[in-house]
Amino acid sequence: MDLHLDHITLVYPDGDTHLTAVDDVHLTIPAGTTTALLGPSGAGKSSLLAVAAGLTRPTRGTVTIGDDVVFTPGTSVARATRVRLERIGMVFQSPRLLGSLTALEQLELHAHLRGERPAAVRARSMDLLAAVGVADHAGKRPAQLSGGQRQRVAIARALVRRPEVLLVDEPTSALDHDRGTQVVELITGLARELGAATLLVSHDASTLGTVDAIERMLDARLAHPAPPARA
Ligand SMILES: Nc1ncnc2c1ncn2[C@@H]1O[C@H](COP(=O)(O)OP(=O)(O)OP(=O)(O)O)[C@@H](O)[C@H]1O
Ligand SMILES: [Mg+2]
């Protein structure tokens, strides 16, 4: 399914005033393709990702997956949580893995949250761990893995529920150039294979050779202007 961010604005309260973190961002990501979002610190990249994930309600605008309007300024937390669980995979900047679970169990738990039996997803989980290059570490806990390996487990975990939308925040920040390039290549390849519309935030343009499109964000806006909002 395509992901449409339709005239998204996000305003945070900031003391007595307001801070516009996302200002009228309009963007479509076709299914199976990866769009990279570049921009300096504070540009609003993570804020846009939070809206796309339904973690934060937009102040204005809507998020649509396929033909379904999933997040609006009025969407309830319960509905947003359900949509996120069923349709969206996320990879955070610092991989949030559970300390007591092995790599394989991290994936199985995520599938279980959607109602699948852990045993039923073991083969798919192992395939994904193999696809990200950590199959040999399936039985290890996060503390026994390197930062890059943890990041790979987090990517595999985001994909185990076959999300229609994949949102990735700075997957390469802890990695050197070559490994960063490999991780971006891995994400674009998996997105294509699984048909997921993917938005990938990055600081480092030099790792983005395999993405389908690059958008630049500055001071809460995309570099290219949004078309006029529908009346
Ligand atoms: N929960 C919040 N409440 C108020 N202001 C916030 C909140 N989160 C972020 N901001 C502000 O919104 C702006 C955009 O922040 P955001 O985290 O989206 O930037 P970013 O582009 O992801 O930056 P970085 O590259 O450093 O991660 C910043 O000015 C930030 O201080
Ligand atoms: Mg950020």
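## A look at the overall build of the chain
On a plain count of helices and strands, the chain comes out with six helices and 10 strands. The C-alpha atoms of the chain give 17 Å as radius of gyration, which agrees with the globular expectation for 231 residues (17 Å, within 12%). Across its three principal directions, the C-alpha atoms of the chain cover 55 × 40 × 35 Å. Counting the 231 residues in the chain, one finds 49% classified as buried. Of all intrachain contacts in the chain linking residues separated by at least 6 positions in sequence, the fraction that spans at least 24 positions is 69%. Carbon together with sulfur atoms contributes 51% to the accessible area of the chain, which is approximately 10700 Å² in total.

## Comments concerning the packing of helix α5 (residues 147-159) against helix α6 (residues 177-194)
Running from N to C, α5 and α6 cross one another at 10°; their axes reach a closest spacing of 12 Å. Classified by the angle their axes make, α5 and α6 are roughly parallel. Note on element contacts: α6 touches α5 through Gln 182, Val 183, Leu 186, Ile 187, Leu 190 and Leu 194, opposite Arg 152, Ile 155 and Leu 159. Residues belonging to the contact of α5 with α6 are distributed by class as follows: seven nonpolar, one polar and one charged.

## A closer look at the pairing of strand β4 (residues 60-65)
In terms of strand pairing, strand β1 (residues 3-14) meets β4 through five bridges, oriented antiparallel. Across the sheet, Leu 3 pairs through a bridge with Ile 65, a residue of β4. Where β4 lies against strand β5 (residues 68-71), three bridges are found, and the strand directions are antiparallel. Bridge pairing in β5 places Val 63 opposite Phe 71. In sequence, β4 turns back onto β5 through a hairpin of two residues, with Gly 66 there showing a positive phi of about 60°.

## Things to note about the site of ligand 1
With respect to spatial proximity, 13 residues lie near ligand 1, and among them Ser 41, Gly 42, Lys 45, Ser 46 and Ser 47 are the closest. Contact between ligand 1 and Gly 42: an oxygen atom at 2.8 Å from a main-chain N or O atom of the residue. Here Gly 44 contributes a backbone N or O atom positioned 3.0 Å from an oxygen atom of ligand 1. Considering ligand 1 on its own, with 640 Å² of exposed area, one finds that the protein chains cover 61% of that surface. Every element with two or more residues in the shell around ligand 1 is listed here: β2 (17-29) and α1 (45-52).

## Considering the environment of Gly 133
Looking at the element boundaries, Gly 133 is found in the loop between α4 (122-131) and α5. Separated by 53 residues in the primary sequence, Gly 133 and Leu 186 place their C-alpha atoms 9.7 Å from one another.

## Side note on the packing of aromatic side chains
Summed over the entire model, instances satisfying the criterion amount to zero aromatic pairs. The positively charged end of Arg 96 is found above the aromatic ring belonging to Phe 92, 3.9 Å away from the centroid.

## Notes on the nonpolar core
Among the nonpolar cores identified, the biggest contains 32 residues, and Leu 129, Val 153 and Ile 155 are the most heavily contacted of them. Secondary-structure elements contributing two or more residues to this core are β3 (34-38), α3 (103-113), α4, α5, β7 (165-169) and α6. Tallying contributions element by element places α5 first for this core, with six residues. Those residues in contact with Leu 129 that lie beyond four places of it in its chain are Ala 103, Leu 104, Leu 107, Val 134, Ala 135, Ala 138, Val 153 and Ala 156. Judged by nonpolar contacts, the second largest core, of 30 residues, contains Val 22, Ile 88, Ala 197 and Met 217.

## Points about the packing of α3 against α4
Where α3 contacts α4, the axes come no closer than 9 Å and their chain directions differ by 125°. Looking at the two axes, α3 sits oblique to α4. Regarding α3 and α4, the two cross each other, and that crossing is right-handed. Within the contact between the two elements, α3 uses Ala 103, Leu 104, Leu 107 and Glu 108 and α4 uses Arg 122, Ser 125, Met 126, Leu 128 and Leu 129.

Conventions adopted
- Residues numbered from 1 in each chain as written.
- Chains lettered and ligands numbered in written order.
- Predicted model: local features only at pLDDT ≥ 70, side-chain atom pairs only at ≥ 80, totals over all residues.
- Heavy atoms only, no water.
- Helix = DSSP H or I, 4+ residues; strand = E, 2+ residues; numbered from the N terminus.
- Rg over C-alpha atoms; globule rule 2.2 N^0.38 Å.
- Buried < 20%, exposed > 50% of the residue type's maximum accessible area, 1.4 Å probe, protein only.
- Contact = heavy atoms within 4.5 Å.
- Areas by Shrake-Rupley, 256 points an atom, 1.4 Å probe, with all protein chains shown as cover.
- Axes fitted to C-alpha atoms, helices over the stretch in contact; angles between N-to-C directions.
- Parallel < 35°, antiparallel > 145°, perpendicular 65-115°, else oblique.
- Nonpolar A, V, L, I, M, F, W, Y, C, P; charged D, E, K, R; others polar.
- Pairing = 2+ DSSP bridges.
- Near = heavy atom within 4 Å.
- Polar contact = N/O pair within 3.5 Å; in protein donor to acceptor, adjacent residues only side chain to side chain.
- Phe/Tyr/Trp six-rings, centres within 6.5 Å; stacked < 30°, edge-to-face > 60°.
- Lys NZ or Arg CZ within 6 Å of the ring centre and 35° of its normal.
- Core = buried A, V, L, I, M, F, W, Y, C linked by side-chain atoms within 4.5 Å.
- Left-handed = near helix turned anticlockwise from the far one by under 90°.

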